[in-house]
Amino acid sequence: MEAPINLTAVFMLCLIVLALGIFGMTMSSRIQILRRLAAEDRFEDAGERLKRLLRFGLGQKRLVDPEEFKPGLAHVLIFAAFMVLALRTITLFGMAFGGWDFHLPLLGANSATGRVYLLLKDLVVFGALIGVGYFLYLRLVVKPERMTYSGEAIFILAMIAGLMITEILFDSAHIYRFEDGQTSWYTPAGAVGLALYRALGISPETAWVVGRVAWWTHLVQVLVFLNFLPLGKHFHVITGLPNVYFQRLEPQYRPSKMDLENSETFGVQKADELTWKMALDVFSCTECGRCQTHCPTYVTGKPLAHKALNMAIKQHLLEQVDVLAKGPEHREELPDLVPTVIEPETIWACTTCGWCETACPVFIENLPRIVEMRRHQVLVQSEFPQEATRVFRGMETQGNPWGLGASSRADWAEGHDVPTVDENPEFEYLWFVGCAGAYDERQKKVSQALARVLNAAGVNYAILGKKETCTGDSARRMGNEYLFQILAQQNIETFKEYNVKKIFTQCPHCFNALKNEYPQFGGNYEVLHHTQLIETLLKDKRIQLDEAFQELVTYHDACYLGRHNQEYEAPRKALQSVPGLQLVEMGRNRRQSFCCGAGGGRMWMEETIGTRINQNRVQEAVATGAKTIAANCPFCITMLRDGLNELGVEGVEVKDVAEIVAASIKLPVVRDEPRQAAEEA
Ligand code: SF4
Ligand code: SF4
């Protein structure tokens, strides 16, 4: 068999050294950035991380989301080709030094493993061409809104197609020239190329010239491709899998616990306060735009898109690499991220609904950096939407965002047979009513309906009454960690005093704070959302429903119950237990649910840019034909009701799940023995 002349080997070696040298220089500047940024421990539980890497990285689980099935599948086809062809690329480079029959051990056509590999290689080549064809069709013909036109993307797709075509041209020419044109079951791509050569009347010798040109083209393309990757969005080819490996292990975002006494800085002001993981995140963005499809701020025209934020931070890091490299003593040379790189409106627009994080195929985290930048703005700069001033003051002085008298916190319960912890010290559950449930006129009705359900089921519960204070959820998400920690400590002390073990709440924000964030401060409890408790009571037949609720009802998932805590079914099951009730789903439901616009402290801020988020959601709910929108969050209920009023919709009501269940309850009320005994004592 003809061996490549030495000149080929020398030339190839020079090319490889040059390409790897340039690649090394580019990569070292990227690595330099990661090394200079703030520390973050993402190294625990390597076993779980590897499992997720296999599932979401190599298995591409998130990419083939049902909503994005076809693009996901196309990506899987291209990804599989890259994985399988890595060995083939080494083989092709090896031919420059070892001759045209060079192959890696066990991968030659003379072994069973080699034949299987060769078949797989050809199949993934076909698969990649299908994937590229689909993406070109998507980008150039369909043009979905989430995919902004990108010359880089078209160039890369053309390059991938080029790699596959040159592979076929070389392989088939090799078969034509050295194997008498004998194809086998394991060379389907070779058979296609061979058929083409023969159809065009090309001789084996001429085909071999074409094949060698294809071989050179292929390998030069590989080296160019390698150097192109770190320059643009295709850097994710290198950083994507590490980013999947270093993902947050807890399903929900929990803001970091700040050491307020000993910290010298608060939140993120400049690039060097971003963590290395935040930089890895922005380097990994594929710009696919999946994070935008159900983002309430993006959809309604606010100046925040997760993808654009990634690009802005990435660009900034690359521009500041030299300053970062000079070390912390030069940090004053770094501009403030807000407002130089990111508009203040951008960080305040986010409702922290969590859609972007659950949608991202490479697990990019948006919430930590938004909250960290808010922290700096609030705790250091005192720069935040003015509406928040009143809210912070109300929480500080009266323990509720409206600043209503702390002493009237339990007034809603009068005449509703609701015991306080002093009246029923042997309670099983503490009912954490929350500020809205205690003060908001509409929510007081929900509290009273819930009391009716609990009393009917004989639940042994008690409320803190005047001793309850705000959980601090909104303060924390608005960046006021100081206020949040004061409120959390205060509640935890009270819980300790009453030996609280189990809590239920009627607000998903309180639920999330108590369940997932109070443990950071030593408060560990079994926490339920009221819809979970109601669903259990119904399942255990502790409440009987008989009054029919003959209505079409649609259910709105609250972000902090659904996406942040993966509870989608309990509220639905509770609703479906109501006789006569017909549940109809909105298009955006469960994980894809659309935020009401109130999370992340947005409840307390004016919405002056773009269209209104609550109206967008309400229109979807009304389109189902439902006469009742069921919800289970005080913020959602307020926003949805406002949306109906703003749009002038008549004949549609928003009700809490507890209200719907309470309206259907069979009397008489059954009281729980332990609670009765405690009260009598
Ligand atoms: S953040 Fe994730 S979902 Fe959004 S564009 Fe980047 S890779 Fe796609
Ligand atoms: S958390 Fe929600 S509102 Fe904020 S950027 Fe992500 S999708 Fe948009």
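These numbers come from a predicted model, not from an experiment. (Residues numbered from 1 in each chain as written. Chains lettered and ligands numbered in written order. Predicted model: local features only at pLDDT ≥ 70, side-chain atom pairs only at ≥ 80, totals over all residues.)

J.: Could you clarify how one ought to interpret the overall build of the chain in this entry?
T.: Across its full length, the chain holds 28 helices and eight strands. Oriented by its inertia axes, the alpha-carbon framework of the chain measures out at about 100 × 60 × 45 Å. Across the 681 residues of the chain, 46% fall into the buried class. When contacts within the chain are restricted to residue pairs at least 6 apart in sequence, those whose partners lie at least 24 apart make up 80%. (Helix = DSSP H or I, 4+ residues; strand = E, 2+ residues; numbered from the N terminus. Buried ≥ 20, exposed ≤ 12 C-beta atoms within 10 Å, placed from the backbone. Contact = placed C-beta atoms within 7 Å.)

J.: Looking at this model, I keep getting lost on the nonpolar core. Mind explaining?
T.: The nonpolar side chains of a soluble globular protein tend to be buried, and buried together. Counting residues in hydrophobic clusters, the biggest one holds 141 residues, and the most contacted among them are Val453, Cys636, Leu640 and Val661. Ranked by residues supplied to this core, first place goes to helix α19 (residues 441-457) with eight residues. Those residues within four positions of Cys636 in sequence are excluded, and the remaining contacts are His556, Ala558, Cys596, Ala598 and Ala631. Counting residues in each nonpolar core, the second largest holds 31 residues, with Phe79, Phe135, Ala153 and Leu169 among its members. (Core = buried A, V, L, I, M, F, W, Y, C linked by C-beta atoms within 7 Å.)

J.: Please explain the sheet that holds strand β5 (residues 552-555) as it appears in this structure.
T.: Sheet strands pair by backbone hydrogen bonding; their relative direction is either parallel or antiparallel. Ordered by their spatial adjacency, four strands build an open sheet running β6-β5-β7-β8, and the pairing between neighbours is parallel. Unpaired on one side and paired on the other, β6 (582-584) and β8 (653-656) mark the two borders of the sheet. On average, each strand axis in the sheet is tilted by 35° relative to the strand beside it, whichever way the strands run. By the bridge criterion, four bridges tie strand β7 (residues 628-631) to β8 in an arrangement that is parallel. Residue pairing for β8: Ala631 is matched across the bridge by Asp656. (Pairing = 2+ DSSP bridges. Axes fitted to C-alpha atoms, helices over the stretch in contact; angles between N-to-C directions.)

J.: What should I look at first to understand the site of ligand 1 in this one?
T.: Near ligand 1 there are 14 residues, and of these Cys285, Cys288, Cys291, Lys307 and Cys360 occur at the shortest range. The greatest single-element share of the shell around ligand 1, amounting to three residues, is contributed by helix α11 (residues 306-319). The class makeup of the residues in the shell around ligand 1 is seven nonpolar, four polar and three charged. (Near = placed C-beta within 6 Å. Nonpolar A, V, L, I, M, F, W, Y, C, P; charged D, E, K, R; others polar.)

J.: Would you mind showing me how to read helix α5 (residues 151-178) here?
T.: Residues lying three or four places apart along an α-helix face the same way, a consequence of the helix completing one turn every 3.6 residues. For α5, spanning 28 residues, the distance from its first C-alpha to its last is 40 Å, which sits close to the expected 40 Å at 1.5 Å a residue. The first or second residue beyond α5 is Asp180, which carries a positive phi of 55°. (Expected span 1.5 Å × (residues − 1).)

J.: Where do I start with the domain arrangement of the chain in this structure?
T.: Frequently, the measure chosen for interface size is the accessible area removed from exposure when the parts meet. Segmentation of the chain into domains returns domain 1 (6-245), domain 2 (271-381) and domain 3 (388-663). Listed by partner, the interface residues are 22 residues for domain 2 and 26 residues for domain 3. For the side of domain 2 that touches domain 3, the secondary-structure elements that each account for two or more residues are α10 (296-299), α14 (344-349), α15 (355-359) and α16 (367-381). Considering every element that reaches the side of domain 2 that touches domain 3, the biggest residue donor is α16, with six residues. Class assignment for the residues of the side of domain 2 that touches domain 3 results in ten nonpolar, eight polar and four charged. (Domains from an automatic or database assignment.)

J.: Even after reading the chapter, I still don't get the site of ligand 2, so can you show me in this structure?
T.: Near ligand 2, the surroundings consist of 13 residues, among which Cys295, Cys350, Cys353, Trp355 and Cys356 are the closest. Those elements that place two or more of their residues in the shell around ligand 2 are α10 and α15. Of the residues belonging to the shell around ligand 2, the class tally is seven nonpolar, six polar and no charged.

J.: Teacher, can you tell me more about unusual backbone geometry here?
T.: Peptide bonds are mostly trans, and most non-glycine residues show a negative phi. For the peptide bond that leads from Val338 to Pro339, omega is 10°, which places it in the cis range. Position of Pro339 relative to the elements: it lies in helix α13 (residues 337-341). The phi dihedral of Leu106 falls on the positive side, at around 70°, and the residue is not glycine. Residue placement: Leu106 occurs in the loop between α3 (69-98) and α4 (112-142). Phi angles above zero are rare outside glycine, and Arg590 is one such case at about 50°. By C-beta crowding, Arg590 is classed as partly exposed, having 14 other C-beta atoms within 10 Å.

J.: Looking at this model, I keep getting lost on the environment of Val125. Mind explaining?
T.: Note on placement: Val125 falls in helix α4. Each C-alpha atom, one on Val125 and one on Glu659, is 58 Å from the other, the two residues being 534 residues apart in sequence. Ignoring sequence-local partners within four residues, the contact set of Val125 consists of Ala81, Met164, Glu167, Ile168 and Ala189.

J.: How should the pairing of β7 be read in this particular structure?
T.: The side chains of a regular strand alternate between both faces of the sheet. Covered by surrounding structure in β7 are Thr628 and Ala630 together with Ile629 and Ala631, the residues of both alternating faces. Both β5 and β7 contribute to a ladder of three bridges, which runs parallel. Bridging from a neighbouring strand, Thr554 pairs with Ile629 of β7.

J.: Just to check I follow, could you spell out the packing of helix α8 (residues 236-245) against helix α9 (residues 276-283) for this structure?
T.: When two helices pack together, their arrangement is captured by the angle between the axes and the distance separating the axes. In the contact formed by α8 and α9, the axes pass within 9 Å of each other and the chain directions differ by 135°. Here α8 lies oblique to α9, going by the angle between them. Crossing hand, α8 versus α9: left-handed. On α9, the residues that touch Thr239, Pro242 and Asn243 of α8 are Leu280, Asp281 and Phe283. In the contact of α8 with α9, the residues fall into three nonpolar, two polar and one charged. (Parallel < 35°, antiparallel > 145°, perpendicular 65-115°, else oblique. Left-handed = near helix turned anticlockwise from the far one by under 90°.)

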